[in-house]
Amino acid sequence: DGGITQSPKYLFRKEGQNVTLSCEQNLNHDAMYWYRQDPGQGLRLIYYSQIVNDFQKGDIAEGYSVSREKKESFPLTVTSAQKNPTAFYLCASSLGAGDEKLFFGSGTQLSVL
Amino acid sequence: QKEVEQDPGPLSVPEGAIVSLNCTYSNSAFQYFMWYRQYSRKGPELLMYTYSSGNKEDGRFTAQVDKSSKYISLFIRDSQPSDSATYLCAMSLTGTASKLTFGTGTRLQVTL
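This structure is a prediction, so every number in the text was calculated from the model and none was measured. (Residues numbered from 1 in each chain as written. Chains lettered and ligands numbered in written order. Predicted model: local features only at pLDDT ≥ 70, side-chain atom pairs only at ≥ 80, totals over all residues. Heavy atoms only, no water.)

**Considerations on the overall build of chain B**
Item 1. For chain B, the helix and strand inventory stands at zero helices and eleven strands.
Item 2. From first element to last, N terminus to C terminus, chain B shows the α and β order β-β-β-β-β-β-β-β-β-β-β.
Item 3. For 112 residues, the compact-globule estimate of 2.2 N^0.38 gives 13 Å, and chain B sits close to it at 13 Å.
Item 4. When each of the 112 residues of chain B is scored for burial, the buried share is 47%.
Item 5. The long-range fraction of contacts in chain B, counting pairs at least 24 apart against all pairs at least 6 apart in sequence, stands at 55%.
Item 6. Averaging the positions of the 11 positive and the 10 negative side-chain charges in chain B gives two centres separated by 7 Å. (Helix = DSSP H or I, 4+ residues; strand = E, 2+ residues; numbered from the N terminus. Rg over C-alpha atoms; globule rule 2.2 N^0.38 Å. Buried < 20%, exposed > 50% of the residue type's maximum accessible area, 1.4 Å probe, protein only. Contact = heavy atoms within 4.5 Å. Lys, Arg positive; Asp, Glu negative; His and termini not counted. Charge placed at Lys NZ, Arg CZ, Asp CG, Glu CD.)

**Remarks on the overall build of chain A**
Item 1. Each helix and strand in chain A was counted, giving zero helices and eleven strands.
Item 2. When the helices and strands of chain A are listed from N to C terminus, the series reads β-β-β-β-β-β-β-β-β-β-β.
Item 3. Its C-alpha atoms give chain A a radius of gyration of 13 Å, within 12% of the compact-globule value 13 Å for 113 residues.
Item 4. Expressed along its principal axes, the backbone C-alpha trace of chain A runs to roughly 35 × 25 × 25 Å.
Item 5. Within chain A, buried positions represent 49% of all 113 residues.
Item 6. Here the analysis covers contacts within chain A between residues at least 6 apart in sequence; of these, 53% occur between residues at least 24 apart.
Item 7. Surface summary for chain A: the accessible area is close to 5,400 Å², and the carbon and sulfur share equals 47%.
Item 8. When the 11 basic and 12 acidic side-chain charges of chain A are each reduced to a single mean position, those positions are 6 Å apart. (Areas by Shrake-Rupley, 256 points an atom, 1.4 Å probe, with all protein chains shown as cover.)

**Looking at the state of the cysteines**
Item 1. Following the criterion strictly, the structure yields two disulfides over all chains and no others.
Item 2. The disulfide bridge from A:Cys23 ends at A:Cys91, spanning 1.9 Å between sulfur atoms. Here the S-S torsion is close to -75 degrees, and the disulfide linking A:Cys23 with A:Cys91 is therefore left-handed. Here A:Cys91 lies in strand E9 (residues 87-94) and A:Cys23 lies in strand E3 (residues 19-25), a separation of 68 residues in the sequence.
Item 3. In this model, B:Cys23 is linked to B:Cys89 through a disulfide, with the two sulfur atoms separated by 2.0 Å. Taking the sign of the torsion about the S-S bond as the criterion, the disulfide between B:Cys23 and B:Cys89, at about -100 degrees, is left-handed. (Disulfide = S-S within 2.5 Å.)

**Concerning a nonpolar patch on the surface**
Item 1. A surface patch of nonpolar side chains, amounting to about 380 Å² of accessible area, comprises A:Tyr10, A:Phe12 and A:Leu113.
Item 2. Tracing the chain through its elements places A:Tyr10 in strand E2 (residues 10-13). (Patch = residues over 30% accessible without salt bridge, like charges linked within 9 Å, V, L, I, M, F, W, Y side chains within 5 Å. Salt bridge = Lys/Arg side-chain N within 4 Å of Asp/Glu carboxyl O.)

**Section: the interface of chain A and chain B**
Item 1. Tallying the contact residues gives 23 residues for chain A and 19 residues for chain B.
Item 2. Summed over both sides, the interface of chain A with chain B buries roughly 1,700 Å², with 55% coming from carbon and sulfur.
Item 3. Counting the contacts that link chain A with chain B gives zero salt bridges.
Item 4. Between the two partners, chain A and chain B, sit seven residue pairs in polar contact (both at pLDDT 80 or more).
Item 5. For the side of chain A that touches chain B, the secondary-structure elements that each account for two or more residues are strand E4 (31-37), strand E5 (44-51) and E9 of chain A.
Item 6. Each residue belonging to the side of chain A that touches chain B can be placed in one class, and the counts come to ten nonpolar, nine polar and four charged. (Buried area = accessible area lost by both parts, 1.4 Å probe. Polar contact = N/O pair within 3.5 Å; in protein donor to acceptor, adjacent residues only side chain to side chain. Nonpolar A, V, L, I, M, F, W, Y, C, P; charged D, E, K, R; others polar.)

Distances and angles like these do not, on their own, reveal function.
Given below as structure tokens:
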């Protein structure tokens, strides 16, 4: 089955800890994205990558970091600098940078202990 | 004022009803309009995609864009309990995913 796999489904972070959310796709898509979803707010773009070894900041990149070493993988690290990390995190991909149709993973709920 | 406004609901309708979900927006330059459906604690899935003004129909779903009023709608005919979900509108100027602006979503509950 082609799709996007996010893991873990639930994640807990302690104060001062960095945590990494995994995102893998087997759709052979070039572009990948990370969004944050909070109650009462629309999806907000954290980072996106149009091609391997390249990525750009989205609207709310502060306190987050990413890497894109392989086409199929785009992990997101929530650093200790992100003071309000509790949210539902969604990874998505699109065929190419100019393609507006997003395919989403099932999300990771991150909570602070 | 948010760039895209969407009533959060919840909207509760009986099975078989016609549902109307709406978004208003402030940026008259938006050209690409999408509707996503999101089940609880899942990722959104693309339902409908339209470019510029007009209607688009796909089965029980119709998407409508009125650029003069800066208003888009999603109609669901013969609603089913399986339609119970949150519906997100999204739009952009360029058609590029990284430039999409999402609404907050409307939660729909279809009751038996």
